[in-house]
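Per-entry structural report
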Amino acid sequence: MKLLPISLLVFALAAVAAFAYDPSPLQDFCVATNDPEGWIFVNGKFCKDPKQVIADDFLFKGFRYPGNTSNPLGSKVTPAFVDQFPGLNTLSISMARIDFAPGGLNPPHTHPRGTEILVVAEGTLLVGFVTSNQLNNTLLTKVLYKGDVFVFPISLIHFQLNIGKAPALAFASLSSQNPGVITIANAVFGSKPPISVDVLTKAFQVDKKVIDYLQAQFWYDNN
């Protein structure tokens, strides 16, 4: 059996690392624009003419005011991803503000393209994430207080719950301009068109009536 040359193995590992996250920018910035006239398409967005870029292109004011938590989940996520903040384009970073009413939940979800690091600005949060099947779907959970920081590895299911008696506030930073969000309950029971009942009854080992009930619910999106 022939072994691969060491140089080829090193190249393969380097290639995997290079393509694991957002690509590195090839210029100072690439402020996203919806106007394709005369500009190039970079990482899903057209670039604004650099000579027309102004300081306001790098400013996001969406975190100034609390999000509306008057909803079934009692939480509101205000994203500052590339769609809301064009100056992030090609910079491999984004943020989110998360407001919680007492008892409010940011439900189990994943970010398929980004690791999340979260800091608690106010309140007390129960947070956690679940490892992959390879690690037996182990739940790692912690109670966070003001000033605490917690990291959720890329793609793993995670959540945040306000266990305090007062509103809570957290800010998250993510390692992608567009980390994506998949809310588990919404995706499984609220997909359009719906996933086959036969699939879900066998997957969850429950009666068809349970699946019918869950699929009939209104799955609120707090983003």
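In what follows, the structure referred to is the one given above.
Residues numbered from 1 in each chain as written. Predicted model: local features only at pLDDT ≥ 70, side-chain atom pairs only at ≥ 80, totals over all residues. Heavy atoms only, no water.

Some details on a nonpolar patch on the surface
The line we're drawing: For patch building, the residue pool is restricted to those with more than 30% relative accessible area and no salt bridge; the joining distance is 9 Å between like charges and 5 Å between nonpolar side chains (Val, Leu, Ile, Met, Phe, Trp, Tyr). Residue burial considers only the protein chains on display, and all accessible areas are found by Shrake-Rupley using a 1.4 Å probe. Criterion for a salt bridge: a side-chain nitrogen of Lys or Arg within 4 Å of a carboxyl oxygen of Asp or Glu. Each helix is a run of H or I in the DSSP string that is no shorter than four residues. Each strand is a run of E no shorter than two, and both are numbered from the N terminus.
A cluster of nonpolar residues, I117, V119, V149 and V151, forms a patch on the protein surface that exposes about 290 Å² of accessible area. Structurally, V151 is set in strand β10 (residues 149-152).

Quick notes on the nonpolar core
We count it as follows: Residue types Ala, Val, Leu, Ile, Met, Phe, Trp, Tyr and Cys, when buried and joined through side-chain atoms within 4.5 Å, form a set referred to as a nonpolar core. Only protein chains enter the calculation, and the probe is 1.4 Å; a residue is then buried if its accessible area is under 20% of its type maximum, exposed if over 50%, and partly exposed in between. When checking whether two residues touch, look at their non-hydrogen atoms; a contact exists if any pair is within 4.5 Å.
Among the nonpolar cores identified, the biggest contains 16 residues, and L118 and L125 are the most heavily contacted of them. The set of elements that each furnish at least two residues to this core consists of β5 (94-100), β7 (116-122), β8 (125-130), β10 and β12 (168-174). Contacts of L125, omitting those with residues within four sequence positions, involve F100, L118, V120, K142, V143, L144, L161, N162, A168 and A170. Counting residues in hydrophobic clusters, the runner-up holds six residues, among them V188, F189, V197 and L200.

Regarding empty space enclosed by the protein
In this approach, a probe sized like a water molecule rolls over the atoms, and the result shows the empty space that is left. Heads up, the rule is: Using a 1 Å grid laid over the protein atoms alone, points where a 1.4 Å probe fits but cannot get out form a cavity; open sets with protein on both sides within 12 Å along at least 5 of 7 lines form a pocket; any residue with an atom within 4 Å of a point counts as lining. Grid points are joined across faces, edges and corners, and a volume is the space filled by probe spheres set on the points. Amino acids outside the nonpolar list (Ala, Val, Leu, Ile, Met, Phe, Trp, Tyr, Cys, Pro) and the charged list (Asp, Glu, Lys, Arg) are all regarded as polar, and Gly is one of them.
Across all of its chains, the model carries one cavity of 30 Å³ or more by this definition. A volume near 110 Å³ is recorded for the largest cavity. Considering the residues around the largest cavity, the lining is formed by 15 residues, among which V77, N106, H109, H111 and N223 are closest to the centre. Counting only elements with at least two residues in the lining of the largest cavity, the list comes to β5, β6 (105-110) and β12. Among the elements that line the lining of the largest cavity, the one with the most residues is β6, at three residues. For the lining of the largest cavity, the per-class residue count stands at eight nonpolar, six polar and one charged.

Topic: the sheet that holds β5
Our working definition: DSSP-based pairing: two strands are paired if at least 2 bridges between them are found. Between the N-to-C directions of two axes lies an angle of 0 to 180 degrees, each axis being a line fitted to C-alpha atoms and, for a helix, fitted only over the stretch in contact.
With antiparallel pairing, the five strands of this open sheet are ordered in space as β4-β5-β12-β7-β10. Strand pairing shows two members of the sheet lacking a second neighbour, β4 (75-80) and β10, which therefore form its edges. Sheet twist, expressed as the average angle between the axes of neighbouring strands with direction ignored, equals 20°. Sheet topology places β4 next to β5; six bridges connect them, and they run antiparallel. Residue S75 lies in a different strand from β5, and its bridge partner there is F100.

Thoughts on the pairing of β8
Here β8 runs beside strand β9 (residues 139-144); their pairing, made up of six bridges, is antiparallel. Residue pairing in the sheet places G128 in a bridge with T141 of β9. Direction of pairing for β8 relative to strand β11 (residues 157-162): antiparallel, over a ladder of six bridges. Along β11, the bridge assignment pairs G128 with F159.

Nothing here speaks to function; it is geometry throughout.
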